[in-house]
2 protein chains.
Amino acid sequence: MSLPHALLTSIAEKPCSGYDLARRFDKSIGYFWHATHQQIYRELGRMESQGWVISTEVEGGRAGKKLIDILPAGRDELRRWATESSAPMRLRDDMMVKLRADAAIGPLGLAEEFERRLQMHEQELQTYREIEQRDFSGVLLSHEQQLRYLILKAGITFEESRVQWTKEALQVLSKKSATD
Amino acid sequence: MSLPHALLTSIAEKPCSGYDLARRFDKSIGYFWHATHQQIYRELGRMESQGWVISTEVEGGRAGKKLIDILPAGRDELRRWATESSAPMRLRDDMMVKLRADAAIGPLGLAEEFERRLQMHEQELQTYREIEQRDFSGVLLSHEQQLRYLILKAGITFEESRVQWTKEALQVLSKKSATD
DNA sequence: CCACCCATGTAACTAGTTACATGATTTC
DNA sequence: GAAATCATGTAACTAGTTACATGGGTGG
């Protein structure tokens, strides 16, 4: 469970409102840690009652808008969590189940869905490549930039391997329908 | 939500007990769809009350042992689910969060954990490669075998990209500590 | 003045994890 | 006869999703 730690990280980078956090979890951070706004508000409530963050009503902004900032206890907790070891994420891919289902009770005509997935992965890869060009094409990157680049590269290599694999899958699936 | 469909697939491959399913979800199927035995028994109960599977007490076996088999309605449901389109899984990787935390409030000394992860990914890759040698080194593979091979290849390419990326991450992390 | 974005939340449900609990059979 | 494995389950909790709800501010 590390949603609170993902939130702490984001707040440590830049204090903001819950709404802003939700938007960040729809793009940058959301690429590797998704959360809905409902989850975020609930978690922020818990984190505040634990003394990890503090929220203050913003004067100039819209009614009810709060600025969330990290507290020393939150920083400590983030440090503690980041340095402790953890289990790697588990893959969970329904396409694998579908392939096995196809082998067991098929054929099920999975090619169409694989084509769709291929497009999605290629689209995602292109998005990452554009970010790469825009933010990391400089010759000298600071250490912080290199760390951020690493994260992007994880996304790039993942999508690349997905694209490659999906094409292979399509070949196998088309071979079958050709001989049917 | 596709645990029931993963279960249906496994039962369609070969009817078995809940215990056997739990073991399968600890190895083959578990590589891309994890579930604990508690989840499995609960889900089996639901599936039986929906008429997707049927369980019959085994005479010769241990007391209470049940043989689960798929029913026509279960097959239909599996087919329906497999042919409908679905959203690709979301990545969820705490190492990415930790890297960002390191950039924001670091350095946190993440190299040790990355070394550990590297070993795990290399170990996993080796396991997959052994299965590849054992089961798919033949020249001619049937269509079913090719589908199963595809699933294994997804694991292989994933772990390969993980290994490669983790090495890159270690380089960036060591560069920093060298200049500290 | 209407639509869209900002901004907050509650409630109910579904899925997944952890802890607890029991008892039979096989193997050493 | 003790330990490991087979075999089933319940209870309680945590995390994640979906639906519902409200209201202010900005731009066309």
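Residues numbered from 1 in each chain as written. Chains lettered and ligands numbered in written order. Predicted model: local features only at pLDDT ≥ 70, side-chain atom pairs only at ≥ 80, totals over all residues. Heavy atoms only, no water.

Draft legend 1. Region of interest: the packing of aromatic side chains. Taken as a whole, this structure holds seven aromatic pairs over all chains when the rule is applied. Taking the centre distance of 4.8 Å and the plane angle of 10° together, the rings of Phe136 of chain A and Tyr149 of chain A count as stacked. Pair noted here: Phe136 of chain A is in helix H6 (residues 111-136) and Tyr149 of chain A is in helix H7 (residues 143-179), with a separation of 13 residues, a long-range link. Each member of the pair, Phe136 of chain A as well as Tyr149 of chain A, carries the same accessibility label: buried. It is Lys98 of chain A that lies over the ring of Trp81 of chain B; its NZ or CZ is 5.0 Å from the centre. (Phe/Tyr/Trp six-rings, centres within 6.5 Å; stacked < 30°, edge-to-face > 60°. Helix = DSSP H or I, 4+ residues; strand = E, 2+ residues; numbered from the N terminus. Buried < 20%, exposed > 50% of the residue type's maximum accessible area, 1.4 Å probe, protein only. Lys NZ or Arg CZ within 6 Å of the ring centre and 35° of its normal.)

Draft legend 2. Main features of the protein's contact with DNA strand C. Lining the immediate environment of DNA strand C, one finds 22 residues, of which Tyr19, Tyr41, Lys66 and Arg92 of chain A together with Met1 of chain B sit closest. Each atom of DNA strand C within 4 Å of the protein was assigned to sugar, phosphate or base; sugar and phosphate come to 59%. Contact between DNA strand C and Arg23 of chain A: a phosphate oxygen at 3.3 Å from a side-chain N or O atom of the residue. For DNA strand C, a base nitrogen lies 2.8 Å from a polar atom in the side chain of Gln38 of chain B. Taken together, the elements giving at least two residues each to the surface near DNA strand C come down to helix H2 (18-24) and helix H3 (37-49) of chain A together with helix H3 (37-49) of chain B. (Near = heavy atom within 4 Å. Polar contact = N/O pair within 3.5 Å; in protein donor to acceptor, adjacent residues only side chain to side chain.)

Draft legend 3. Summary view of the interface of chain A and chain B. Counting residues at the interface gives 66 residues for chain A and 66 residues for chain B. In this assembly, chain A and chain B are joined by four salt bridges. Summed over the shared surface of chain A and chain B, the result is 24 residue pairs in polar contact (both at pLDDT 80 or more). For the side of chain A that touches chain B, the elements supplying multiple residues, two or more each, are helix H1 (3-13), helix H4 (72-83), helix H5 (94-105), H6 and H7 of chain A. Of all the elements, H7 of chain A adds the most residues to the side of chain A that touches chain B, at 21 residues. Here the side of chain A that touches chain B is built from residues that sort into 32 nonpolar, 13 polar and 21 charged. (Contact = heavy atoms within 4.5 Å. Salt bridge = Lys/Arg side-chain N within 4 Å of Asp/Glu carboxyl O. Nonpolar A, V, L, I, M, F, W, Y, C, P; charged D, E, K, R; others polar.)

Draft legend 4. Region of the structure containing the pattern of salt bridges. Residue and element names in this part refer to chain B. All told, the structure shown has 30 salt bridges over all chains when counted by the stated rule. Where Glu13 meets Arg148, a salt bridge forms, and the shortest distance between an N and an O atom there is 3.6 Å. One end of the pair, Glu13, is in helix H1 (residues 3-13); the other, Arg148, is in helix H7 (residues 143-179), with 135 residues separating them in the sequence. Judged by relative accessible area, which is 28%, Glu13 ranks as partly exposed.

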